[in-house]
Amino acid sequence: MTAAVLESRISSEASPVAPARELLKTAYNADAQAFQDGADVRQLVRSRAETVDQVLRLIWNRYPFSASGDIALVAVGGYGRGELHPHSDIDLLVLTRDGVQEAWQEDLGSFVTLLWDLRLDIGHSVRSIEESKAAARDDVTILTNLLETRTIVGPDDLRATLSEAVYSDDVSSDRDYFIAKRDEQKRRHQKYGDTEYNLEPNVKGSPGGLRDIQTIGWITKRHFGLQSVADLTRFSILTEEEYQILLDGETFLWRLRYGLQLIAKRSENRLLFDHQRTLARMLGYKDEGKRLGVELMMQVYYRTVLALAELTDVILQYYDEAILDSDGKEDIQPLNKRFQIRNQYIEAINNQVFAYAPYAIMEIFVLMAQHPEIKGIRATTIRSLRAHRHLIDDAFRHDLAVTSLFMELLKTPHALDQTLSHMKKYNVLGRYLPEFGQIIGQMQHDLFHIYTVDAHTLRVIRNMVRLTSVEARTEYPLASRLIHRLPKLEVLYIAGIFHDVAKGRGGDHSELGAIDAENFCRSHHLSERDTKLISWLVENHLLMSMTAQRKDISDPDIIHGFARAVPSQVHLDYLYVMTVCDISATNPKLWNTWRASLLRQLYIEAKRALRRGTDNPVDRNEWVRATQSEAREILHAQNMSDEQIDRVWETLDEEYFLQDSTVDIAWQTAAIIRHGNNPDPLVLMRDTRGGPSDGYTQIIIYMKDRVALFAATTAVLEQLNLNIVDARISTSDGPYSISAYVVLDEQGKPLGKDPARRDRVRNRLVEELDDPEDYPDIIHRRTPRQLKHFAFPTEVTFSNDTINQRTVMEVITPDRPGLLARVGQVLLEHRVRLTTAKIATLGERVEDVFFITDEQGEPLRDPKVCQALQDDLCKMLDDTR
């Protein structure tokens with residue numbers, strides 16, 4: 001049925017609902033198909049508004065009040081601009097000259113009800129001109145909506161009269177409106193973490209998004225009384241290039257938003273993981289090599305909003321000066337022949353400074369570092385900087401004046417991360433370091449890396465800078481001490497800048513990054529010693545975290561092997577600090593008290609090994625004897641006899657004495673002796689001591705050995721919402737075993753501040769473990785929304801540890817509630833014993849390492865046994881996602 005026929009039916013039929021719905025649906029489907037066929041999104045957004053205009057106009061004209069000259073239907077807000085996305089809100093104002101006449105009231109109610117029946121997302125208000133002015137005075141949001149209005153049907157003089165009032169100081173002064181919108185934008189940016197780089201950004205509200213563009217338009221309209229952003233160029237606020245950036249950025253964001261709402265079938269502005277892949281395919285982004293199409297789309301998004309954020313800086317600074325500083329008072333402080341500070345903003349003396357002295361492009365950032373009172377760069381100088389960025393070429397990068405300035409920047413004590421962020425925002429850093437330019441906006445489509453590579457890198461630098469502050473002593477006690485011992489902080493900063501710079505190229509990014517770092521060092525005239533140190537740090541930046549999180553660092557052989565890979569104590573100090581900063585900057589949830597304790601333990605043991613000399617490894621038997629001797633002294637002080645001590649220790653293997661501290665061994669032994677012949681399980685719980693950054697809860701279980709013990713215990717702990725980060729089962733020659741678990745709460749903290757919860761945990765374990773074969777049901781919580789979109793097949797690999805006579809089983813699988821209990825269930829079914837588990841959850845990805853043996857305590861040597869275990873684990877884990 002044609003649109004003309006449907007329009008006729010809307011006007012003539014008793015109920016316009018059916019033909020109106022059909023008209024809207026037909027137009028919606030046609031526009032949706034046109035979008036997927038590559039039509040101009042700007043035309044589609046206007047087309048949607050025009051279709052809704054026509055429907056509203058036809059329905060309005062069905063009522064007697066439409067003949068009056070004292071009432072009109074007015075579009076406001078985004079709809080007032082003539083812009084409607086598929087499921088955007090339709091904001092309407094029923095505007096009257098002097099109020100609603102009594103004869104209109106029933107019909108107006110019927111009109112609004114009809115619109116709801118059409119299932120349109122209507123937001124409406126009914127006000128007179130005076131009521132609208134009063135509402136605008138009281139609420140800046142209403143005022144903003146009324147800056148953008150169109151008459152849909154009815155006399156236009158009502159809207160014109162209201163607009164004249166809204167743009168006058170009678171409603172709000174230019175100054176007050178600017179301050180209100182500027183502060184509103186600051187609050188909105190804070191809501192999104194003041195970063196353009198959210199994993200699931202809001203294309204409308206996030207920094208650099210559509211709301212920022214709209215804010216510029218609102219401030220401009222209020223200031224100049226303009227009717228469209230395009231008119232900005234008439235007032236020389238924007239250059240043609242800047243206007244094109246604004247237009248292209250808005251068009252790209254509109255395409256994202258339009259497609260997003262088609263996919264979600266509702267008003268949706270968040271680029272949720274649920275929709276990102278589908279949207280990327282809809283917009284034509286395809287996988288390129290190892291990079292996913294969705295990653296390419298998101299990189300374009302991040303680079304777009306970064307450019308818009310830079311432009312917003314320029315425009316808002318213009319208004320800051322034009323509106324707030326209009327009294328003409330200026331405070332000018334000369335810095336040198338090229339730069340001065342004007343009202344706390346640095347500016348070039350003239351717009352040709354960068355042309356005749358290209359090194360000044362780097363110098364301006366050095367001056368900002370040396371003068372912390374500078375709030376930013378003046379708009380005129382930003383434009384000049386943009387106009388001369390093409391001068392950053394190979395000759396510029398090898399100019400001694402430029403390289404010396406960059407090294408001076410790295411050596412200047414200040415918030416280096418902020419300066420580098422400014423350099424990135426103004427597209428200087430990415431041009432000066434082309435390797436860095438390649439990773440700007442580059443995301444990895446997972447939940448582990450929650451920042452783009454460039455944002456992560458700058459957070460690493462921020463963490464390095466923060467370590468020098470007093471506040472860091474609480475969160476990072478060891479790293480904050482070590483950073484003051486590092487000979488040259490610039491060495492650490494350079495390693496931080498380059499550690500991930502080769503991501504996305506293919507190959508080992510650590511090795512490729514080390515080559516880039518070495519080339520940088522040579523072009524910046526660093527010494528051979530510093531060059532080799534930086535290159536080693538970049539190449540080995542994952543060594544410490546991988547060793548601490550995936551290997552048994554209580555094993556002296558592991559410590560010895562790690563120490564042999566570290567050339568000196570200086571290398572170890574730099575590597576530890578860099579590792580702490582890297583982990584903390586990857587994902588806020590990744591750095592917790594348990595990882596902190598693992599890294600500290602590895603650092604301390606490696607330091608001892610380096611002091612002893614890597615040619616003199618620790619003898620295992622000697623280590624066990626020394627541990628037992630020290631623990632025995634502690635127990636003697638508690639009036640424990642050698643006979644009591646030996647009765648417990650004789651049943652335990654030497655692994656037990658390699659893995660626990662002497663204090664822990666004495667604590668556990670004393671508790672076992674006191675427990676005596678009590679048939680109930682002994683459950684010990686305590687938090688580690690050593691400061692707020694070194695806390696986790698240990699749970700020790702001593703009871704008759706059962707093959708179902710690990711499966712039962714993990715099922716209980718996971719039901720109690722505890723995060724298991726480490727597990728160890730110490731086998732014995734007797735009927736008892738000692739199980740040790742390290743747990744954290746949902747916030748990654750120990751349980752010490754919640755004694756009632758500790759009691760609940762202890763009581764539940766005792767209750768459930770009295771018969772582990774009848775272990776509790778595996779937890780069945782819903783898998784979180786975000787995790788569902790990162791499914792991948794489970795991988796299980798085996799290798800044998802010939803030194804310790806055990807099999808190492810690595811399981812890589814998507815995270816989900818009840819994971820460890822399911823692994824325990826499969827091990828139980830195959831009658832495989834667990835000795836140690838290293839638990840590592842990296843976003844949506846679990847990389848757990850299990851040290852296992854057969855029932856006789858021997859490694860799994862039969863390939864068929866390993867294959868059957870692998871098959872059943874994969875089936876169990878893949879079927880329960």
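Residues numbered from 1 in each chain as written. Predicted model: local features only at pLDDT ≥ 70, side-chain atom pairs only at ≥ 80, totals over all residues. Heavy atoms only, no water.

Q: Residues and numbers for the overall build of the protein, please.
A: The secondary structure content of the protein amounts to 39 helices and 17 strands. If one aligns the C-alpha atoms of the protein with their principal axes, the spans along those axes are about 105 × 75 × 50 Å. Within the protein, buried positions represent 56% of all 881 residues. If you take every contact in the protein between residues at least 6 apart in sequence, the share linking residues at least 24 apart comes to 71%. Per element, the accessible surface of the protein, about 37400 Å² overall, is 47% carbon and sulfur. In the protein, 107 positive and 131 negative side-chain charges are present, and the distance between their average locations comes to 1 Å. (Helix = DSSP H or I, 4+ residues; strand = E, 2+ residues; numbered from the N terminus. Buried < 20%, exposed > 50% of the residue type's maximum accessible area, 1.4 Å probe, protein only. Contact = heavy atoms within 4.5 Å. Areas by Shrake-Rupley, 256 points an atom, 1.4 Å probe, with all protein chains shown as cover. Lys, Arg positive; Asp, Glu negative; His and termini not counted. Charge placed at Lys NZ, Arg CZ, Asp CG, Glu CD.)

Q: Now, about the environment of Ser730: what can you tell me, with residues and values included?
A: Checked against the element boundaries, Ser730 lands in strand β11 (residues 723-730). Its relative accessible area of 4% is what places Ser730 among the buried residues. Separated by 604 residues in the primary sequence, Ser730 and Val126 place their C-alpha atoms 75 Å from one another. If we skip the residues at most four places from it in the chain, Ser730 touches Tyr656, Ser737 and Ile738.

Q: Any chance you could break down the pairing of strand β7 (residues 345-348) for me, citing the residues and the numbers?
A: The two faces of the sheet receive side chains in turn, since in a regular strand these alternate between them. Alternating positions in β7 separate into two faces, Tyr345 and Glu347 on one and Ile346 and Ala348 on the other, with burial throughout. In this sheet, β7 lies alongside strand β6 (residues 339-342) in antiparallel orientation, the contact comprising 4 bridges. The partner of Arg342 across the bridge, within β7, is Tyr345. As paired strands, β7 and strand β8 (residues 376-377) are joined by 2 bridges and run parallel to one another. If you follow Ile346 over to β8, its bridge partner there is Ile377. (Pairing = 2+ DSSP bridges.)

Q: Quick one: what's the story with the confidence of the model for the protein, residue by residue and with numbers?
A: On average, the protein scores 87 in pLDDT, and the residues at 70 or more come to 93%. Note that residues 778-783 has pLDDT below 50 and, in this model, 19 contacts with residues that lie over four places away or in other chains. (pLDDT = per-residue confidence, 0-100.)

Q: For the sheet that holds β6, give the residues involved together with the corresponding values.
A: Judged by pairing direction, the sheet is mixed, and its 4 strands sit side by side in the order β5-β6-β7-β8 without closing on themselves. Both outer strands of the open sheet, β5 (332-334) and β8, are each paired with one neighbouring strand and no more.

Q: Go over the sheet that holds strand β4 (residues 149-153), please, and point to the residues and values.
A: An order of β3-β2-β1-β4 is seen for the 4 strands of this open sheet, with the pairing classed as mixed. If you trace the sheet from one side to the other, it starts and ends with β3 (122-128) and β4, each paired once. Taken over all neighbouring pairs, the strand axes of this sheet differ in orientation by 30 degrees on average, direction set aside. As defined by bridge partners, strand β2 (residues 90-96) adjoins β3 across 7 bridges and the pair is classed as parallel. (Axes fitted to C-alpha atoms, helices over the stretch in contact; angles between N-to-C directions.)

Q: So, the pattern of salt bridges: which residues are in play, and what are the values?
A: Any two side chains of opposite charge can pair, so long as their charged atoms come close to each other. Per the stated rule, a full pass over the model turns up 50 salt bridges. A salt bridge links Arg270 to Glu268, with the shortest nitrogen-to-oxygen separation between them at 2.9 Å. Arg632 is paired through a salt bridge with Asp642; the nearest N and O atoms lie 3.0 Å apart. Residue Arg632 is located in helix α32 (residues 620-636), and its partner Asp642 is located in helix α33 (residues 642-649); the two are separated by 10 residues in the primary sequence. Using a relative accessible area of 36% as the deciding quantity, one classes Asp642 as partly exposed. A cluster of three or more residues bridged by salt bridges with shared partners is formed by Glu242, Glu310, Arg383, Arg386 and Arg389. (Salt bridge = Lys/Arg side-chain N within 4 Å of Asp/Glu carboxyl O.)

Q: Any details on the packing of aromatic side chains? Residues and values, ideally.
A: What characterises a pair of aromatic rings is the spacing of the ring centres plus the angle enclosed by the ring planes. On inspection of all chains with the given rule, the structure shows 16 aromatic pairs. Centre to centre, the rings of Phe406 and Tyr432 are 5.1 Å apart; their planes meet at 55 degrees, and the pair counts as tilted. Taken together, the residues span a long stretch of sequence, with Phe406 in helix α18 (residues 400-411) and Tyr432 in helix α20 (residues 429-432) at a distance of 26 residues. The pair Phe406 / Tyr432 is uniform in exposure class, with both members buried. In textbook terms, an aromatic cluster arises when at least three aromatic residues are bridged by ring pairs, as seen for Phe396, Phe406, Tyr432, Phe498 and Phe520. A cation sits over an aromatic face here: Arg150 above Tyr79, 5.1 Å from the ring centre. (Phe/Tyr/Trp six-rings, centres within 6.5 Å; stacked < 30°, edge-to-face > 60°. Lys NZ or Arg CZ within 6 Å of the ring centre and 35° of its normal.)

Q: Residue-level account of unusual backbone geometry, with values.
A: The backbone phi angle of Arg119 is positive, close to 60 degrees, even though this residue is not glycine. Within the secondary structure, Arg119 is located in the loop between α5 (105-117) and β3. A relative accessible area of 63% means that Arg119 is categorised as exposed. Backbone geometry places Lys265, a non-glycine residue, at a positive phi of 60 degrees. With respect to the helices and strands, the residue Lys265 is situated in the loop between α11 (240-264) and α12 (273-282).

Q: Tell me about α32, residues and numbers included.
A: Taking 1.5 Å of rise per residue, the 17 residues of α32 would be expected to cover 24 Å, and the 24 Å separating its terminal C-alpha atoms lies within 8% of that figure. Buried within α32 are the following residues: Arg620, Val624, Thr627, Ala631 and Leu635. Relative to the axis of α32, the buried residues are bounded by an arc of 75 degrees and lie together on one face. For α32, the exposed residues set more than 90 degrees away from the buried face come down to Glu622, Arg625 and Glu633. (Expected span 1.5 Å × (residues − 1). Arc of directions from axis to C-beta.)

Q: Help me get a handle on α5, residues and values and all.
A: Taking 1.5 Å per residue as the helical rise, α5 with its 13 residues ought to reach 18 Å, and the 19 Å between its terminal C-alpha atoms agrees with that figure. For α5, the full list of buried residues reads Leu108, Phe111, Val112, Leu114 and Leu115. Down the axis of α5, the buried side of the element spans an arc of 155 degrees, and every buried residue falls inside it. Away from the buried face of α5 by more than 90 degrees, exposed residues Gln105 and Glu106 are located. The inward-facing, buried residues of α5 contact α2 (17-36), α3 (41-60), β1 (71-76), β2 and β3.

Q: Just give me the short version of the nonpolar core, but keep the residues and values in it.
A: Core analysis: the largest hydrophobic core is formed by 150 residues, its most contacted members being Leu256, Tyr301, Phe406 and Leu420. The element contributing the most residues to this core is helix α13 (residues 293-324), with 15 residues. Discounting residues that sit within four places of it in the chain, Tyr301 has contacts with Glu196, Pro201, Asn202, Val203, Ser206, Phe252, Leu253, Leu256 and Leu271. By size, the runner-up hydrophobic cluster in this structure holds 43 residues, among which are Ile699, Met703, Leu769 and Leu877. (Core = buried A, V, L, I, M, F, W, Y, C linked by side-chain atoms within 4.5 Å.)

Q: For the packing of α13 against helix α16 (residues 379-387), give the residues involved together with the corresponding values.
A: Put simply, α13 and α16 touch, their axes get as near as 9 Å, and they point 145 degrees apart. Residue-level inspection shows Glu310, Val314 and Gln317 of α13 in contact with α16, the latter providing Ala379, Ile382, Arg383 and Arg386. Among the residues making up the contact of α13 with α16, the classes are represented as 3 nonpolar, 1 polar and 3 charged. (Nonpolar A, V, L, I, M, F, W, Y, C, P; charged D, E, K, R; others polar.)

Q: Kindly report on the packing of α18 against helix α19 (residues 416-425), identifying the contributing residues and their values.
A: Taken N-terminus to C-terminus, the directions of α18 and α19 make an angle of 140 degrees; their axes are 9 Å apart at the nearest point. Taken as axis vectors, α18 and α19 run oblique relative to one another. Note on element contacts: α19 touches α18 through Leu416, Thr419, Leu420 and Met423, opposite Phe406, Leu409 and Leu410. Of the residues belonging to the contact of α18 with α19, the class tally is 6 nonpolar, 1 polar and no charged. (Parallel < 35°, antiparallel > 145°, perpendicular 65-115°, else oblique.)

Q: Which residues make up the pairing of strand β9 (residues 682-687), and what values go with them?
A: Buried residues dominate β9, accounting for 6 of its 6 residues. Neither face of β9 is left uncovered, since the one carrying Leu682, Leu684 and Arg686 and the one carrying Val683, Met685 and Asp687 both have all their residues buried. Of the pairings in the sheet, the one linking β9 to strand β10 (residues 697-704) comprises 6 bridges and is antiparallel in character. What sits directly across from Arg686, in β10, is Gln698.

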